[in-house]
Each structure stands twice: as structure tokens, then as C-alpha cells.
Amino acid sequence: HAPHEICVFDEKSGAVCTGDAMGLYLEQGVVLLPNAVLPDFDLARGLDSIERIRKLGPAALLFAHFGACFRVEETIDTMTTILNRWEDIAMKAARNEGIGRVVPVLKEYGRGQIEALRSSPALYDPMSRQIVPMIAAAYEKHCKSRMSMI
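Keep in mind that this is a model prediction, so the values were computed, not measured. (Residues numbered from 1 in each chain as written. Predicted model: local features only at pLDDT ≥ 70, side-chain atom pairs only at ≥ 80, totals over all residues. Heavy atoms only, no water.)

Q: Help me understand the pattern of salt bridges, please; the structure alone is not making it clear to me.
A: When their charged atoms lie close together, side chains carrying opposite charge are able to pair. In total, this model carries seven salt bridges according to the counting rule given. Notably, a salt bridge pairs Asp77 with Arg54, separated by 2.8 Å at the nearest N-O pair. With Asp77 in helix 2 (residues 72–97) and Arg54 in helix 1 (residues 43–56), this residue pair connects regions lying 23 residues apart in the sequence. Here the salt bridges share partners, and the residues they tie into one network are Glu51, Arg54, Glu73 and Asp77. (Salt bridge = Lys/Arg side-chain N within 4 Å of Asp/Glu carboxyl O. Helix = DSSP H or I, 4+ residues; strand = E, 2+ residues; numbered from the N terminus.)

Q: What should I look at first to understand the sheet that holds strand 5 (residues 60–63) in this one?
A: The pairing of strands in a sheet happens through backbone hydrogen bonds and is either parallel or antiparallel. If you walk across this open sheet you meet the four strands as 1-2-5-6, and the pairing is mixed. What marks the edges here is a single partner per strand, and that holds for strand 1 (8–10) and strand 6 (67–69). Pairwise comparison of adjacent strand axes, ignoring direction, gives a mean angle of 20° for this sheet. Across three bridges, strand 5 lies against strand 6 in antiparallel orientation. Pairing of Leu62 across the sheet is with Ala68, part of strand 6. Most of the contacts of helix 2 go to strand 5, to which it runs at about 55°, and overall it touches strand 5 and strand 6. (Pairing = 2+ DSSP bridges. Axes fitted to C-alpha atoms, helices over the stretch in contact; angles between N-to-C directions. Contact = heavy atoms within 4.5 Å.)

Below you can see the structure in the form of C-alpha cells.
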């Protein structure tokens, strides 16, 4: 997902320390968000990283943000879907409304995705004000790149 990131597989435990490759895991997986950070977000590389993790057949995913997950296949499938869904929404907004609408559309979508965190302002507020806009900006850059190739 970014050239400077790594994951670590512990053969003894079968756990993968995912770094940022698997995104953000909040409230025991109730909320999953892509970890799309400027300037190095690369969706294709991110999806490849997730598939490489899957091929390891891990017993657990140890998220840098925020916890351990033992529903490995389900979570990998879900995160793959989430990454692609953010791209689909971003590309649709860019094509139908213009590139300038990508960030606002994704911010609205992202805030809906974190609604389950609202009862915890200490978690919801920074996610809403900082993390979701950061993800939206990374996807906007991704869309600009994709659209210049089309």
C-alpha cells in the first residue's frame, strides 16, 4: 500500500503484524477503514499486500491500529471489499460530478462508516476530523492518477 511499510509474520504463533497494510480495525472490527495516506497511497499495492497476507494463512491479524483479529479470512475479504468500495465511490464522484467532489463525497461516506464510534467522542472526533479526510484526499489523488491514464 506504500513503499515504506512492512508486515511481519510470526511463524511460531501464526500471527501477522499487519502494520498499516490492513487498515484501521476499530471496535473489534465493527469499523474497518482503509489506511490511505498521502503521498504514497497505492491501491494496487495495498490490494496486493492484503493478498500476500492471505497466502500466509495467518491464525491472527495484529493491527497496528487497533487490535487483534482472529476472523482472518472474513476480515481480509471485508477489507478488500472496503478498499475497492472507496475507489468505486471516488471514481463515480469524479466522473459524474468532477474531481473536486471526490473529497466531500468520500468524507460523507466515511463518516457514515464510522457512525458506530459516535458514542465515543475521543475516538469518533479524530476519526471524523482527521482520518476520514486524510483517506478521502488519498483516494482523490488516486482518482486523478487513474483518470489521467484513461
